[in-house]
Amino acid sequence: MDRRSVMKHAGVAGILAAAAAPAVHAQAGLRWRLASSFPKSLDTIYGAADVFAQKVRQLSSGRFEISVHAAGELMPAFGVVDGVQQGTVEAAHTAPYYFFGKDETFAIGGAIPFGLNSRQMSAWTFEGNGLKLMREFYAKYNIVNFACGNTGAQMGGWMRKEIKSVKDLKGLKFRIGGFAGKVLERMGGIPQNLPGGEIYTALEKGTIDAAEWIGPYDDLKLGFHKVAPFYYYPGWWEGGLQLDLYINQKAYDALSAENKAIVQAAATYAHVETQAKYDARNPASLKQLVASGAKLRPFPSDVMTEAFKQSMALYDELSKKNENWRKVYTDFAKFRSEQNLWFRFTEATFDRFMQSQKL
């Protein structure tokens with residue numbers, strides 16, 4: 001082969017190599033499906049998954065796409081853990097306490113009665129042992145979790161009849177989120193666990209006597225004030241509900257380091273934005289509900305006292321019979337004690353003063 005022939009072939013080879021090089025370094029397009037436990041009509045709580053997916057797309061320059069599917073589209077609202085565990089979908093967005101029936105420890109990852117407020121929950125998750133302990137627990141279900149939203153402290157729900165004492169809870173058919181139903185049951189109530197989209201009809205028909213969801217912004221959208229006039233506070237079972245992004249372990253392990261970082265950043269972004277939306281939108285919605293006839297009522301003191309007593313007794317019982325619960329709750333409870341001491345001297349004192357002023 002003469003010199004010109006060698007150069008010619010070498011040049012062609014170089015051009016081909018140069019053309020192929022970008023394909024070696026570029027990440028192939030990735031497509032995931034995410035199943036939500038919430039209906040699309042609730043733009044805040046369902047919207048957290050949308051915000052997450054949009055941020056993933058943005059940070060990956062469109063190479064990583066996640067389609068978000070409302071409750072019922074791919075699977076029932078309460079079927080998403082099974083869906084992720086089995087790999088039917090790569091991801092889900094949900095409230096962890098929905099799945100306390102599998103193991104009560106799920107509830108600690110979301111909210112338990114008289115637990116942590118939203119800031120304390122974030123502190124336990126990101127700076128305490130929360131994320132580590134919950135990931136160890138979720139590994140048993142083939143799941144990797146990320147905090148992905150918080151509702152802040154919730155309202156206590158809508159009652160068709162007034163609650164004047166703890167005695168009025170006897171026989172009360174109350175749609176109450178997840179784990180809190182165990183405490184209500186100990187107080188004589190009858191807990192009902194219904195998805196958000198089914199609550200209004202059940203209240204309207206009298207199938208249930210009371211229901212809680214989240215707070216004014218979502219409750220106004222769902223129209224509960226039209227069928228149950230008494231609006232109670234506070235939601236002692238949800239001082240700050242943390243929502244979770246669940247990812248199938250195999251799907252997560254297959255991600256590049258870059259895409260894992262994108263998932264983490266996008267989930268954290270959605271986590272912060274979701275509570276900001278609730279805090280910004282709830283005040284005006286509460287005013288609108290009151291103007292529409294909602295009757296605001298605090299829970300009677302004996303209800304709060306008995307609920308606290310029964311909650312602590314339940315946690316002691318679970319710690320004796322559920323090793324998963326004991327391991328996570330022991331750390332959670334210690335963190336809660338330290339946080340409450342700190343907040344007592346700072347946040348709580350400041351808030352009480354500000355709320356007593358005429359602004």
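The numbering scheme is per chain: residues are counted from 1 as the chain's sequence reads. Residues qualify for local features only when their pLDDT is at least 70, as the model is predicted, and side-chain atom pairs are given and counted only at 80 or more; totals for whole chains, interfaces and linings, by contrast, use all residues. By convention in this description, side-chain values take in all heavy atoms of the structure and omit both hydrogens and water.

Along the chain, Phe308 falls in helix H12 (residues 301-321). The rule is simple: take the accessible area with a 1.4 Å probe, protein chains only, and divide by the maximum for that residue type; under 20% is buried, over 50% is exposed, in between is partly exposed. Taking the relative accessible area as the measure of exposure, Phe308 reaches 44% and is therefore partly exposed. Separated by 73 residues in the primary sequence, Phe308 and Gly235 have C-alpha atoms spaced 12 Å apart. Numbering of helices and strands runs from the N terminus, with a helix taken as a DSSP run of H or I at least four residues long and a strand as a DSSP run of E at least two residues long.

Definition used for salt bridges: Asp or Glu carboxyl oxygen within 4 Å of a side-chain nitrogen of Lys or Arg. In this structure the tally under the stated criterion is 15 salt bridges. A salt bridge links Lys132 to Glu136; the shortest N-O distance between them is 3.1 Å. Note that Lys132 and Glu136 are positioned in helix H6 (residues 130-138) at a spacing of four residues, about one turn of the helix. The residue Lys277 makes a salt bridge to Glu273 at a minimum N-O spacing of 3.3 Å. Of this pair, Lys277 and Glu273 are both found in helix H11 (residues 257-291), four residues apart, which corresponds to roughly one turn of the helix. Among the ionic contacts, a cluster of salt bridges with common partners joins Asp43, Lys221 and Arg281.

Further remarks concern the pairing of strand S1 (residues 30-36). Across six bridges, S1 lies against strand S2 (residues 64-69) in parallel orientation. Considered in S2, the bridge of Ala35 is made with His69. In this scheme, strands are said to pair when DSSP sees at least two bridges between them. With three bridges joining them, S1 and strand S3 (residues 91-94) adopt parallel strand pairing. Of the residues in S3, the one forming a bridge with Ser36 is His93.

Attention now goes to the sheet that holds strand S4 (residues 143-150). The strand order across the open sheet built from five strands is S2-S1-S3-S10-S4, with neighbouring strands paired in mixed fashion. If you trace the sheet from one side to the other, it starts and ends with S2 and S4, each paired once. Averaged over neighbouring strand pairs, the angle between their axes works out to 25° when direction is ignored. As paired strands, S4 and strand S10 (residues 242-248) are joined by six bridges and run antiparallel to one another. Looking at S10, one finds that Asn145 is bridged to Tyr246. Whether two residues are in contact is decided by their heavy atoms: any pair within 4.5 Å suffices. Axis lines are fitted through C-alpha atoms, for helices just across the contact stretch, and the angle between N-to-C directions can take any value from 0 to 180 degrees. In the packing of helix H5 (residues 118-126) onto the sheet, contacts are made with S4 and S10, and the angle to S4 comes to roughly 150°. Where H11 meets the sheet, its contacts fall on S1, S2, S4 and S10, and the angle it forms with S4 comes to roughly 30°.

Moving on, we come to empty space enclosed by the protein. For cavity detection a 1 Å grid was placed over the protein atoms alone, and a set of points counts as a cavity when a 1.4 Å probe fits there but cannot get out; an open set counts as a pocket when protein lies on both sides within 12 Å along at least five of seven lines, with lining residues being those that have an atom within 4 Å of a point. Grid points are joined across faces, edges and corners, and a volume is the space filled by probe spheres set on the points. Under the definition given, this model contains three cavities of 30 Å³ or more. Roughly 50 Å³ of volume is contained in the largest cavity. As for the largest cavity, its lining consists of Phe38, Ile45, Ala95, Tyr97, Tyr98, Arg175, Trp213, Ile214 and Leu241. Each residue receives one of three labels: charged for Asp, Glu, Lys and Arg, nonpolar for Ala, Val, Leu, Ile, Met, Phe, Trp, Tyr, Cys and Pro, and polar for the others, Gly being one of them. Each residue belonging to the lining of the largest cavity can be placed in one class, and the counts come to eight nonpolar, no polar and one charged.

So, on to H12. Between its first and last C-alpha atoms H12 spans 31 Å; for 21 residues at 1.5 Å apiece the expected length is 30 Å, and the two agree. Among the residues of H12, Val303, Ala307, Gln310, Ser311, Met312, Leu314, Tyr315, Leu318 and Ser319 are the ones counted as buried. Contact partners of the buried residues in H12: helix H7 (180-186) and helix H13 (323-345). A helix's residues, less one, multiplied by 1.5 Å, set its expected span.

Before going further, it helps to spend a moment on the environment of Val166. The topology assignment puts Val166 in the loop between strand S5 (157-159) and strand S6 (173-175). Each C-alpha atom of the pair Val166 and Leu359 lies 35 Å from the other, and the pair is 193 residues apart in sequence. Every residue in contact with Val166, bar those within four places of it in the chain, is listed here: Met187, Asp302, Val303 and Glu306.

For this analysis, a ring pair means two rings from Phe, Tyr or Trp (six-membered ring only for Trp) whose centres lie within 6.5 Å, classed as stacked if their planes differ by under 30 degrees, edge-to-face if by over 60, and tilted for the remaining angles. Applying the stated criterion to the full structure yields 29 aromatic pairs. Their ring planes at 85° and their centres at 4.7 Å tell us that Trp236 and Trp237 sit as a pair that is edge-to-face. Through a chain of ring-to-ring contacts, the aromatic side chains of Phe38, Phe78, Tyr97, Tyr98, Phe99, Phe106, Phe137, Tyr138, Tyr141, Trp213 and Tyr246 assemble into a single cluster. When the ring centre of Phe146 is taken as reference, the NZ or CZ atom of Arg135 above it lies at 4.5 Å. Its guanidinium or amino end placed over the ring of Tyr252, Lys260 lies 5.1 Å from that ring's centre, counting from NZ or CZ. When the NZ atom of lysine or the CZ atom of arginine is within 6 Å of a ring's centre and also within 35 degrees of its normal, the charge is said to sit over that ring.

What is shown is where atoms sit, not what they do.
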